Amino acid sequence: HEDDNSISYTIRAQQGTYEIFDGTKTKTYGYNGDFLGPVIRVKKGMDVKIDLVNDLNEDTTFHWHGLEVPGNEDGGPDKVLKPGEAEDIHFTVQQNAATLWFHPHPMHETGKQVFKGLAGMLYIDDANSETLNIPKAYGVDDFPIILQDKTFTEDNQLDYEKVMNEDGTTGDTLLINGVVDPRLSIDRKKVRFRVLNGSNMRSFTLHFDNNMEFQQIASDGGFLNKPNTTKEIEVAPSERAEVIVDLTKVKGNAVTLVNEDNTKILPIHLKESQGHPQTKTTKEAKTLNDLTLSNEIKNKKVTKTIKLAGMGKDVNINGKKFDPNRIDFTQKQNETEVWEIENVKDSMGGMNHPFHIHGTQFQVVSIDGKEPPENLSGLKDTISLKPGQKAGIAVKFPEKGVYMFHCHILEHEDNGMMGQIKVD
Ligand code: C2O
Ligand code: CU
Ligand code: CU
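Residues numbered from 1 in each chain as written. Chains lettered and ligands numbered in written order. Predicted model: local features only at pLDDT ≥ 70, side-chain atom pairs only at ≥ 80, totals over all residues.

### Considerations on the overall build of the protein
Looking only at helices and strands, the protein features 5 helices and 31 strands. In terms of overall size, the protein behaves like a compact globule, its C-alpha atoms giving a radius of gyration of 21 Å where 424 residues would be expected to give roughly 22 Å. A separation of at least 24 residues holds for 76% of the contacts in the protein among residues at least 6 apart in sequence. (Helix = DSSP H or I, 4+ residues; strand = E, 2+ residues; numbered from the N terminus. Rg over C-alpha atoms; globule rule 2.2 N^0.38 Å. Contact = placed C-beta atoms within 7 Å.)

As structure tokens, then:
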């Protein structure tokens, strides 16, 4: 339901079956359906009411990844709904246009519930996103691309217990928007892909098989200041990247989005246009946003240090495992602090950890002491660090409450690689 300045949704977590493979029923979870979820669309300034309903036979929570809402609305592990329970949340959208998502967050069960299909997208629109000269017609030239890898048992089931890996569950089957063997058949035009890596642990580095250039226009928290021309994008678990691809530049009638190892991600087939060449677009958007990072913030000294370490059962943050009764840090609402995040290299080498904070969109100040690259110059809620890497990030919480910070390899999170910060 919607009027000019308010909107309400009902979101039910449910279980069902879904025909991922022709002729077989896979037991799945989904929001308002059998598998994955709807795209929730809200505008900056709107009052939003969401009725949350847990129709599962197990506890769950509803977390709004990337959304700046009060801590008690953000669906962390402390906001459990038991089977059959329901709750309303209300908030006003305060942040700028962005592509966010939602997923469950119950302690020790997040990996399983996301793997079985609980994930949906949340788009925020604003005056800027509605007037910029970029593709913005949903399903016409503006497409969500939810990347997930899963392993199915011989009878095509998502048996998480069987395939689970403590260091992150990977899969041999790639799904896009819940579909195996996806393809896109489309007119030759400019398109926008809103890529979400909704995998439990796998990172993707995407490029086109013809090596064409395209433009990244947004990261986790919204538009970059200007389009960043590139040939590849990297998305770690939970990260988003929006890109614009000019399909009029493709020679021949096919091009395929591929992963770094050249495995097929999305084949695109270009339809022969029926004598209606796309109307000449007006001038392309050159300026997308006006983010700044003042010298004052850049030169602030680090006030919070986060050390990500360990593998398997030993994963930890600053030597500790998550304890719901422990507050690790405090910060004042609307005050910017610089956090230093370090992925500690150990004798085994270690692994990448995508570090995520709830309730904020932060800015990257430095990576290993240097200016961040263009693709990390916008707002972020997750930053993936390689072993030995260190980042400085400027963090501000516009709302109050208790928020989680954690590694977004879901099995690391479920293994306690998580802490809490109280904002007041
Ligand atoms: Cu998408 Cu606490 O995470
Ligand atoms: Cu989150
Ligand atoms: Cu991790």
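Back to the write-up after that little detour.
### Re unusual backbone geometry
With a phi close to 50°, Asn-177 is a non-glycine residue in the positive phi region. Residue placement: Asn-177 occurs in the loop between β10 (173–176) and β11 (179–180). When the 17 C-beta atoms within 10 Å are taken as the criterion, Asn-177 is described as partly exposed. (Buried ≥ 20, exposed ≤ 12 C-beta atoms within 10 Å, placed from the backbone.)

### Describing the sheet that holds strand β7 (residues 98–103)
Strand order in this open sheet of 4 strands is β3-β8-β7-β5, and the pairing throughout is mixed. Of all the strands in the sheet, the pair left with one neighbour each is β3 (39–43) and β5 (63–65). Sheet twist, expressed as the mean angle between neighbouring strand axes with direction ignored, is 25°. For β7 and strand β8 (residues 120–125), the ladder comprises 5 bridges, and the chain directions are antiparallel. Its bridge partner lying in β8, Thr-99 is registered against Tyr-123. (Pairing = 2+ DSSP bridges. Axes fitted to C-alpha atoms, helices over the stretch in contact; angles between N-to-C directions.)

### With respect to the nonpolar core
Inside soluble globular proteins, nonpolar side chains tend to come together where they are buried. Counting 91 residues, the largest nonpolar core has Leu-122, Val-195, Ile-217, Val-243, Ile-341, Ile-393 and Tyr-403 as its most contacted members. Every residue in contact with Ile-393, bar those within four places of it in the chain, is listed here: Val-338, Trp-339, Ile-341, Phe-362, Gln-363, Val-364, Val-365 and Ile-383. (Core = buried A, V, L, I, M, F, W, Y, C linked by C-beta atoms within 7 Å.)

### Considering the domain arrangement of the protein
The domain boundaries assigned to the protein delineate domain 1 (6–131), domain 2 (142–271) and domain 3 (295–423). Relative to domain 3, the C-alpha centre of domain 1 lies at a distance of 23 Å. Each partner contributes to the interface: domain 1 provides 17 residues, whereas domain 3 provides 18 residues. Residues belonging to the side of domain 1 that touches domain 3 are distributed by class as follows: 4 nonpolar, 10 polar and 3 charged. (Domains from an automatic or database assignment. Nonpolar A, V, L, I, M, F, W, Y, C, P; charged D, E, K, R; others polar.)

### Section: the confidence of the model for the protein
On average, residues of the protein carry a pLDDT of 95, and 97% of them reach 70 or more. Taken over the whole predicted complex, pTM reads 0.96, whereas the ipTM for its chain interfaces reads 0.99. (pLDDT = per-residue confidence, 0-100.)

### Quick notes on the UniProt feature "domain: Plastocyanin-like" (unreviewed entry) in the protein
On the UniProt side, "domain: Plastocyanin-like" (unreviewed entry) is annotated at positions that read residues 14–128, 142–251 and 305–424 here. The span residues 142–251 shows a helical share of 4% and a strand share of 52%, and its end C-alpha atoms are spaced 22 Å apart. In this annotation, residues 305–424 is assigned 4% helix and 44% strand; the end-to-end C-alpha distance for the span is 20 Å. (UniProt positions renumbered as here; feature names shortened; annotations may be inferred.)

### Some thoughts on the sheet that holds strand β21 (residues 302–309)
If you walk across this open sheet you meet the 6 strands as β22-β21-β24-β29-β26-β27, and the pairing is mixed. Across the chains shown, the open sheet's two edge strands, defined by having one partner strand only, are β22 (316–317) and β27 (379–380). With 2 bridges joining them, strand β26 (residues 362–367) and β27 adopt antiparallel strand pairing. Counterpart to Gln-363 in the pairing with β27 is Leu-379.

### Side note on the environment of Pro-144
The topology assignment puts Pro-144 in strand β9 (residues 142–150). C-beta crowding within 10 Å serves as the criterion here: with 21 such atoms nearby, Pro-144 is assigned to the buried category. The residues touching Pro-144, leaving out its near neighbours within four places in the chain, are Val-39, Met-121, Asn-177, Arg-194 and Leu-196.

### Some words on the pairing of β9
Across the 9 residues that make up β9, a large majority, 7, are buried. Bridge analysis of β9 against strand β13 (residues 190–197) gives 6 bridges, and the strand direction is parallel. Within β13, the position partnered with Ile-146 by the bridge is Leu-196. As paired strands, β9 and β10 are joined by 4 bridges and run antiparallel to one another. Each bridged residue has a counterpart across the sheet, and for Asp-149 the counterpart in β10 is Leu-174.

### Considerations on the environment of Thr-305
For Thr-305, the position within the fold is in strand β21. Given 12 C-beta atoms within a 10 Å radius, Thr-305 is considered exposed. Each C-alpha atom of the pair Thr-305 and Glu-232 lies 31 Å from the other, and the pair is 73 residues apart in sequence.

### With respect to the pairing of β10
As paired strands, β10 and β11 are joined by 2 bridges and run antiparallel to one another. Pairing of Ile-176 across the sheet is with Val-179, part of β11.

### So, the environment of Leu-174
Mapped onto the elements, Leu-174 comes out in strand β10. Taking the C-beta count within 10 Å as the criterion, Leu-174 has 21 such neighbours and is therefore assigned buried. Sequence-distant contacts of Leu-174, that is, excluding residues within four places in its chain, are made with Asp-149 and Ile-265.

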